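Structural characterization, general
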Amino acid sequence: MIEIENVRKSFGPLQVLKGIDLTVNKGEVVTIIGGSGSGKSTLLTCINGLEPIDSGRIKIDGTEVHAKSTNLNTLRQKIGIVFQQWNAFPHLTVLENVMLAPRKVKGVPKAEAEAMAVKQLTHVGLGEKLAVYPSRLSGGQQQRMAIARALAMEPEYMLFDEVTSALDPQLVGEVLDTLKMLAEEGMTMICVTHEMAFARDVSDRVAFFHQGVMAEIGTPEQLFGAPQHPETQKFLSSVR
Ligand code: ADP
Ligand code: MG
């Protein structure tokens, strides 16, 4: 599980996370919503150790992410992260792009990495695109390739940061469907998203962030049906 305890983080004088507490249990899907600049992306980058924290603690299966003794490379293999956009290597095929991290980071033998890449690309609906170059894929297909690439590392946790925000509206659905499939398969995931219908549909819990604080967290029914915090109410009425 992911345990976040009283995490604080600043960029210079700007306090971006002001004491975040959140525990995500195995198999749970937590979505994070909130206005721009509220600290959502920063939290995700702290969880997988891309960013240091000022104080508090983040533990993944009991291992403290920011402890000096922690091997971040090993820990990160457990946590896949997918962003708004991923620039694939243009001179490599879709298959080769997805094989790369298991080969380089985990030292998986070529045949095994290839089998895993084929499996994950097929899983996200790109089984017909193995030999194609990334530039030939639509935006939605590129995001599904990015998801397959993360899955090829066989992570136990997945973090998704607004993976549909850069897409044309007609391509959003296919990517959300892929996330929903992973959720239904039991993947433990934290999704930052602006897609409220998706959040409502797939989440076990939804967290609302406001100015570096987790102002409210609850089931989708609670958070969307009867938001308690005035800022949650304001945010939800602005996006509906
Ligand atoms: P969100 O994802 O909720 O939109 P972010 O976590 O990206 O918010 O950013 C929170 C605040 O931290 C914003 O004011 C942003 O400008 C600032 N910020 C994010 N990353 C950095 C950075 N590397 N250096 C300085 N400020 C940053
Ligand atoms: Mg963000």
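Above this text you will find the structure in question.
Residues numbered from 1 in each chain as written. Chains lettered and ligands numbered in written order. Predicted model: local features only at pLDDT ≥ 70, side-chain atom pairs only at ≥ 80, totals over all residues. Heavy atoms only, no water.

1. What about the sheet that holds strand S1 (residues 2–11)?
The strand order across the open sheet formed by 4 strands is S2-S1-S4-S5, and the pairing between neighbours is antiparallel. Bordering the open sheet on either side are strand S2 (14–24) and strand S5 (63–64), each of which pairs with just one other strand. Examined bridge by bridge, S1 and S2 share 8 bridges and lie antiparallel to one another. Counted as the bridge partner of Phe 11 is Leu 14 from S2. Lying on the sheet, helix H1 (residues 40–47) is in contact with S1, S2 and strand S4 (55–60); it crosses S1 at an angle near 120 degrees. (Pairing = 2+ DSSP bridges. Helix = DSSP H or I, 4+ residues; strand = E, 2+ residues; numbered from the N terminus. Contact = heavy atoms within 4.5 Å. Axes fitted to C-alpha atoms, helices over the stretch in contact; angles between N-to-C directions.)

2. Notes on the side chain of Glu 28
Here Glu 28 is to be found in the loop between S2 and strand S3 (29–34). The exposure class assigned to Glu 28 is buried, which follows from its relative accessible area of 12%. A distance of 2.7 Å separates a polar atom in the side chain of Glu 28 from a polar atom in the side chain of Arg 205. Apart from the residues within four sequence positions on either side, Glu 28 is in contact with Thr 23, Met 187, Thr 188, Met 189, Asp 204 and Arg 205. (Buried < 20%, exposed > 50% of the residue type's maximum accessible area, 1.4 Å probe, protein only. Polar contact = N/O pair within 3.5 Å; in protein donor to acceptor, adjacent residues only side chain to side chain.)

3. Some details on the site of ligand 1
Lining the immediate surroundings of ligand 1 are Phe 11, Leu 14, Val 16, Gly 35, Ser 36, Gly 37, Ser 38, Gly 39, Lys 40, Ser 41 and Thr 42. Ser 38 places a main-chain nitrogen or oxygen 3.1 Å from an oxygen atom of ligand 1. In this structure, an oxygen atom belonging to ligand 1 sits 2.7 Å away from a side-chain N or O atom of Lys 40. Considered on its own, ligand 1 offers 560 Å² of accessible surface; in the complex 59% of this is hidden by protein. (Near = heavy atom within 4 Å. Areas by Shrake-Rupley, 256 points an atom, 1.4 Å probe, with all protein chains shown as cover.)

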